[in-house]
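Commentary on secondary and tertiary structure
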Amino acid sequence: TDPSTIGDALSSIYAAEDLSTVLFYVQSAALLEIVHAALGLVRSPVFVTTLQVGSRIAALFAITHSPASQVQFGAGMMILSWALVEVPRYLFYVFAIVSGDATKKTPFPLFWLRYSLFAVLYPTGITGELTVFLTAAKDPEFLNYYGEQYATFMYYFIMSFPVIYAPGALPMIMNMAANRRSAFKKRFAKPPPPPRGIVFPVTGTKGTEEIRSSTPTGKEIVAAAVGVSSPEKADKCRAERKWRFGYLRHLLGLVEEQCKSPQTALDVATAGMDKAYDTFQFVQPDGTSVSLREAMSKPAVDKFHTGYIKGEAPMPEKVLEIPYKGKTLSGEALKTQVREWVEYGTIEPSAGDAIIKCADSPKYLDLSDRHFVLLGAGSAMGPFLVLMALGANVVAIDLDRPGIWKRLIGIAKKSP
């Protein structure tokens, strides 16, 4: 196909009958996306939504008031890119609303288009928008639209958008790529195993799926605990709308009440534990749920057995070693570096003293006579690896998932 023919076709798209009117109203309606994000009706970030919609409104303003920008190839490229992105996107939203699950219940072809078209249409759309901005900046009719006295302002106004696009385009595309990976991962993720044992209570539903949110549960337990000493603080706790970001002040309030007297501390702790026992659920082998308190009051149905995984590696030399900048520090070199860290303020003096004490006391590096209970033993930030390396006896508690236990058992077998 002759490239000039394609260019001519793209240049004539804006002139199609009634297209300019439809384009104006449809794209202007996109301003509602900013309103929806601001009101919390959708989870989209307000700032990013404003940038995306605002840039389109600016391009719409430019092409509407610049005859020169309407008849160049970028105008057609921009319009086609907008249409090919938005039609599948809004159709996807319709199916998401009808099905109640945007991730797994929307038709896969539509799902694929929603999260894949951007790879082609974002670059073509951005290119088209840039040509519209740059052409409008040289179009006397656009620059003088509000009068010759505003021509300079109009020029710098419209040229500000290409300047914004330069650093903003790639992050926006990369963000969509990350969203695509996340959406596909969720779509094809294996369903979680049915709940078993101690679980958070059901706090809502999403379609036919039960939601067990930690937020309302945690809020009620903290409120019940602090309410024994201060009903006012309990009311404020329950009224907290942004618990994820505001829980800290309520926990501080709880500690303040406990500090009033030893008896108050015990009363607050007891009330919190009582609420937890009544709130948390225990899913029995037959799938029915009872409160944790009720479950603990009944004789155990399942029998538990104790098993041991004994390390097969020999106990290493009792020398404290710390990797640092490609080297392994020990002895005097380690203590010198620790003192420098303390002097710099990198670590607290007490931490430095503890490290040096360990370096001077090899017996501290043998934990074979010590026992530890680890909740979430497989946690990446947990001390399981260190304790295993030092020969400690660890009671490991974690989720009932084969992958987690395969890793933990493998580490334990290779430990001293």
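Residues numbered from 1 in each chain as written. Predicted model: local features only at pLDDT ≥ 70, side-chain atom pairs only at ≥ 80, totals over all residues. Heavy atoms only, no water.

A closer look at the overall build of the protein chain
Our working rule: Here a strand is any run of E in DSSP of at least two residues, a helix any run of H or I of at least four, and the numbering for each starts at the N terminus. Our radius of gyration is a C-alpha quantity, and the globule rule it is checked against amounts to 2.2 Å times the number of residues to the power 0.38. Burial status follows relative accessibility: with a 1.4 Å probe on protein chains alone, a residue under 20% of its type maximum counts as buried, one over 50% as exposed, and anything between as partly exposed. In what follows, residue pairs with any heavy atoms lying within 4.5 Å of each other are defined as contacts. Reported accessibility uses the Shrake-Rupley method at a 1.4 Å probe radius. Residues are deemed covered only where the shown protein chains occlude them. Counting rule applied: Lys, Arg positive; Asp, Glu negative; His and chain ends not counted. Taken as the charge centre is NZ of Lys, CZ of Arg, CG of Asp or CD of Glu, depending on the residue.
The helix and strand inventory of the protein chain stands at 19 helices and 9 strands. Since a compact globule built from 416 residues should have a radius of gyration of about 22 Å, the 32 Å found for the protein chain marks it as more spread out than a globular shape. The principal-axis extent of the C-alpha atoms belonging to the protein chain is close to 85 × 60 × 50 Å. In the protein chain, buried positions account for 31% of the 416 residues. Across the protein chain, every contact between residues at least 6 apart in sequence was considered, and the portion connecting residues at least 24 apart equals 55%. With the model as given, the accessible surface of the protein chain reaches about 26900 Å², and the carbon-plus-sulfur share is 63%. On the protein chain, the mean spot of the 43 positive side-chain charges and the mean spot of the 38 negative ones are 7 Å from each other.

Regarding the pattern of salt bridges
Cut-off, in case you're wondering: Only one rule defines a salt bridge in this text: a Lys or Arg side-chain nitrogen within 4 Å of an Asp or Glu carboxyl oxygen.
In the structure shown here, the tally under the stated rule is 16 salt bridges. Among the salt bridges present, the one from Lys318 reaches Asp366, with a minimum N-O distance of 3.6 Å. In this pair, Lys318 is assigned in the loop between helix H15 (292-297) and strand S6 (322-324) and Asp366 in the loop between helix H17 (349-360) and strand S8 (371-375), connecting sequence segments 48 residues apart. What you see here is one network of salt bridges that share partners, running through Glu33, Arg56, Glu86 and Arg89.

Digging into a nonpolar patch on the surface
Let me state the cut-off plainly: Nonpolar side chains (Val, Leu, Ile, Met, Phe, Trp, Tyr) are joined into patches within 5 Å and like charges within 9 Å, using only residues with over 30% relative accessible area and no salt bridge.
Nonpolar side chains collect at one region of the surface, where Leu32, Val35, Leu39, Leu41 and Val42 lie side by side and expose about 470 Å² of accessible area between them. Considering the arrangement of structural elements, one finds Leu39 in helix H3 (residues 31-39). Classification of Leu39 as exposed rests on a relative accessible area of 61%.

A closer look at the side chain of Lys335
Stated precisely, the cut-off is as follows: A 3.5 Å cut-off defines polar contacts: any pair of N or O atoms within that distance qualifies, except that in protein one atom must be a possible hydrogen donor and the other a possible acceptor, and neighbouring residues in sequence count only when both atoms are side-chain atoms.
Following the sequence through the fold, Lys335 ends up in helix H16 (residues 331-344). When its relative accessible area of 11% is taken as the criterion, Lys335 is described as buried. A distance of 2.9 Å separates polar atoms of two side chains, one belonging to Lys335 and the other to Asp360.

A few points about the packing of helix H11 (residues 214-227) against helix H14 (residues 262-279)
The test is simple: To obtain each axis, a line is fitted to C-alpha atoms, and for helices this fit is confined to the stretch in contact; angles are then taken between N-to-C directions over 0 to 180 degrees. When the near helix sits turned anticlockwise from the far one by under a right angle, the crossing is termed left-handed; a clockwise turn instead gives a right-handed crossing.
Look at H11 against H14: their axes get within 7 Å of each other, and the N-to-C directions meet at 145 degrees. As for how H11 packs across H14, the hand of that crossing is right-handed. Of the residues in H14, those touching H11 at Thr217, Glu220, Ile221, Ala224, Ala225 and Val226 are Val268, Ala271, Gly272, Lys275, Ala276 and Thr279.

A short note on the layout of surface pockets
Quick note on the threshold: For each structure, a 1 Å grid was placed over the protein atoms alone; sets of points admitting a 1.4 Å probe that cannot get out are labelled cavities, open sets with protein on both sides within 12 Å along at least five of seven lines are labelled pockets, and lining residues have an atom within 4 Å of a point. Grid points are joined across faces, edges and corners, and a volume is the space filled by probe spheres set on the points. Polar here means any residue outside two lists: the nonpolar Ala, Val, Leu, Ile, Met, Phe, Trp, Tyr, Cys and Pro, and the charged Asp, Glu, Lys and Arg; Gly therefore counts as polar.
Of the pockets and cavities examined, the second largest pocket occupies roughly 1300 Å³. Lining the second largest pocket are 32 residues, with Pro195, Arg196, Gly197, Ile198 and Val199 sitting closest to its centre. Partitioned by chemical class, the residues of the lining of the second largest pocket number 21 nonpolar, 2 polar and 9 charged.

A word on the nonpolar core
To be explicit about the condition: To qualify as a nonpolar core, a set must consist of buried Ala, Val, Leu, Ile, Met, Phe, Trp, Tyr and Cys residues joined through side-chain atoms within 4.5 Å.
Counting 26 residues, the largest nonpolar core has Ala62, Met78, Phe133, Phe142 and Ile158 as its most contacted members. Going through the elements one at a time, helix H4 (46-65), helix H6 (73-99), helix H8 (118-136), helix H9 (140-143) and helix H10 (151-187) are the ones with two or more residues in this core. Membership of the second largest hydrophobic core comes to 10 residues, among which are Leu374, Ala377, Leu387 and Leu408.

Here we look at the pairing of strand S9 (residues 393-397)
Just so we agree on the cut-off: At least two bridges found by DSSP between two strands is the condition for calling them paired. Assignment of crossover handedness uses the view with strands pointing away from the viewer, where a clockwise path from the first strand over the helix to the second indicates a right-handed crossover.
Summarising the sheet, S8 and S9 pair through 5 bridges and their orientation is parallel. When the bridges of S9 are listed, Leu374 appears paired with Ala396. At this point the chain moves from S8, through helix H18 (residues 384-389), to the parallel S9, and the crossover so formed is right-handed.

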